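Observations on chain architecture
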Amino acid sequence: MLIATESPFSLSSANSQPCYTGGPATLICKAVIDETHDSKTFVFEDTQSRSFDFKPGQYVTFSFRIDGKTHVRAYSISSTPTRPHNIQVTVKRVPGGLVSNYLNDEVRPGAEIEIADISGSFNWIDIPCEKPLLLSGGSGVTPVMSMLQYITDVTLPKDVVFVHFARSPKDIIFRDQLEFLGKRFRNVTVHLVVDTADGPAFNGETGQISAELMQRLVPDHAERSIFMCGPEGFMKAAREVAGEIPFAAVHEESFGEKITIEETTGTGGEVFFSLSGKNGHCAEGETLLEAALNAGVWIDSACQQGVCGNCKVVLTQGQVEMQDMGGLQPGEAEAGYVLACCSWPKGAVALDA
């Protein structure tokens, strides 16, 4: 089902319109497309009528206001910059997922959404290759779908293999598009793999990612560079496969499930933001990032998992409990940096923010 609003469009006006190249902006939802039973694609245009200049595979950082609180989330762009009039993100419902469920349940055409930026080093422009293997699991299909659409739109003479894993045929996001591109372009081979093949007619593979399966589906794997994305459980298995059999290069993005962290107790306190001159309170169990946003202090963030490092700030006073998942570089913790998205204050703290 497609829900959309009408707007005038002409090729001449599209070619002459200014271009969004980064920074905060307000977008308006123009259409909502049902992809599967639990995922939707949201089509956004810029309220200033700018086109979008981004690299296929990058993500956009949204700022949502839900129940009086600001929540920042990064979603990979599932559309391609060869169609610059809008950007699209595809969001899968997650059990207990506040923002993903809000998007699926509440956002309709006409809704205005704030974004902070478009960014990401996981993209086709910065790391191209001759024989890409686009590998994804679940909702991780979005950035590699952007890459595939770009490659086919500009008819790049690349030998592309696309392998996507899902729970069942009804869970395959972009199934029709992937099967179409695999049939239309001789240089594109698409393999769809599901845990169980019950439901709609399905002629693909059944199973889970493994070295044996990947060797069979991609016999020239040693010549290919992997671009992989998916939930953390899938990514862990994919990394193990990449360690067992040779690939030319491995590039990855992980914006799916939250990494499970230990429940914290005994945290919370006043937070002083030295650079902005504001104060806030961090309730027990809240992160420094949540406290900052609730106090009206902007701290850049993306993955919300302690992986990307975008939200690092200097802790000048106090102590925090932090679950660093690799976001800090060697020496940064010693220099006083903490990751706001996965740090809980143990009493009053001060930040350079």
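Reading guide: rules and limits
Residues numbered from 1 in each chain as written. Predicted model: local features only at pLDDT ≥ 70, side-chain atom pairs only at ≥ 80, totals over all residues. Heavy atoms only, no water. Buried < 20%, exposed > 50% of the residue type's maximum accessible area, 1.4 Å probe, protein only. Helix = DSSP H or I, 4+ residues; strand = E, 2+ residues; numbered from the N terminus. Arc of directions from axis to C-beta. Contact = heavy atoms within 4.5 Å. pLDDT = per-residue confidence, 0-100. Pairing = 2+ DSSP bridges. Right-handed = clockwise from strand over helix to strand, strands pointing away.

Now for helix 4 (residues 175–184). Of the positions making up helix 4, those classed as buried are Arg-175, Leu-178 and Leu-181. Relative to the axis of helix 4, the buried residues are bounded by an arc of 135° and lie together on one face. Away from its buried face, by an angle of more than 90 degrees, helix 4 presents the exposed residues Asp-176, Lys-183 and Arg-184. Buried residues along helix 4 sit against helix 3 (141–153), strand 11 (160–166) and strand 12 (188–194).

For the protein, mean pLDDT is 88; residues scoring 70 or higher make up 91% of the total. In the predicted structure, residues 4–13 sits below a pLDDT of 50 and forms 10 contacts with residues beyond four places in sequence or in another chain. Below a pLDDT of 50 lies the segment residues 256–265, which in the model reaches 20 contacts outside its immediate sequence neighbourhood of four places, other chains included.

Turning next to the pairing of strand 12. Most of strand 12 is tucked away: 5 of the 7 residues are buried. One ladder, built from 7 bridges, connects strand 11 with strand 12; its direction is parallel. From the neighbouring strand, Phe-165 faces strand 12, where its bridge partner is Val-193. Where the polypeptide runs from strand 11 across helix 4 and back to strand 12, its parallel neighbour, the crossover connection is right-handed. Bridge count between strand 12 and strand 13 (residues 205–206): 2 bridges; the pairing is parallel. Paired with Val-194 across the two strands is Thr-206, which belongs to strand 13.

Turning our attention to unusual backbone geometry. For Ser-49, which is not glycine, the phi torsion reads 60° and is therefore positive. If you trace the backbone, Ser-49 turns up in the loop between strand 4 (39–46) and strand 5 (51–52). Judged by relative accessible area, which is 48%, Ser-49 ranks as partly exposed. In this model, Phe-174 sits at a positive phi of 65°, which is unusual for a non-glycine residue. With respect to the helices and strands, Phe-174 occurs in the loop between strand 11 and helix 4. Phe-174 gets classed as buried once you look at its relative accessible area, which sits at 5%.

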